[in-house]
Amino acid sequence: VLGRPLDSETYPWMDRGNTMESEAADWYEFQNDATASVIGFCTTDDGSIGASPDRLVGDDGLLELKCPKPSTHVRYLHPTKGWRRVSYKRLGIA
């Protein structure tokens, strides 16, 4: 995507996200009265496709946690420029 390697293996906001992941999962569980289980790399039965969600929720759900920096979080919540609007458009819903 960038056409070049990243300058560093980690960045401060990535480190912050990793540090806060457990707290974010605890909050999700409390708010949704659910249990989110830590999981490793998952593949299809034939091993041809895989993903690494942050947690599994129940029998059918997965949880991908994001802990963005404050300015990014505010942008996500913006009613017309936020993440939800962009994502829904990409899915063909809005």
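**As for the overall build of the protein chain**
Across its full length, the protein chain carries 3 helices and 5 strands. Listed N to C, the secondary structure of the protein chain is α-β-β-β-β-β-α-α in terms of helices and strands. For the protein chain, the residues scored as buried account for 15% of the 94 residues in total. Restricting to contacts in the protein chain with at least 6 residues of sequence separation, those with at least 24 account for 28%.

**Examining the pattern of salt bridges**
Tallied over the full model, the rule gives 2 salt bridges. Where glutamate 21 meets arginine 55, a salt bridge forms, and the shortest distance between an N and an O atom there is 2.9 Å. Residue glutamate 21 is located in helix 1 (residues 12-32), and its partner arginine 55 is located in strand 4 (residues 55-57); the two are separated by 34 residues in the primary sequence. Among the residues examined, glutamate 21 registers a relative accessible area of 22% and is labelled partly exposed. When the shortest N-O distance is used, the salt bridge between glutamate 64 and lysine 66 registers 3.4 Å. Residue glutamate 64 is classed as partly exposed on the basis of its relative accessible area, which comes to 42%.

Criteria and thresholds
Residues numbered from 1 in each chain as written. Predicted model: local features only at pLDDT ≥ 70, side-chain atom pairs only at ≥ 80, totals over all residues. Heavy atoms only, no water. Helix = DSSP H or I, 4+ residues; strand = E, 2+ residues; numbered from the N terminus. Buried < 20%, exposed > 50% of the residue type's maximum accessible area, 1.4 Å probe, protein only. Contact = heavy atoms within 4.5 Å. Salt bridge = Lys/Arg side-chain N within 4 Å of Asp/Glu carboxyl O.

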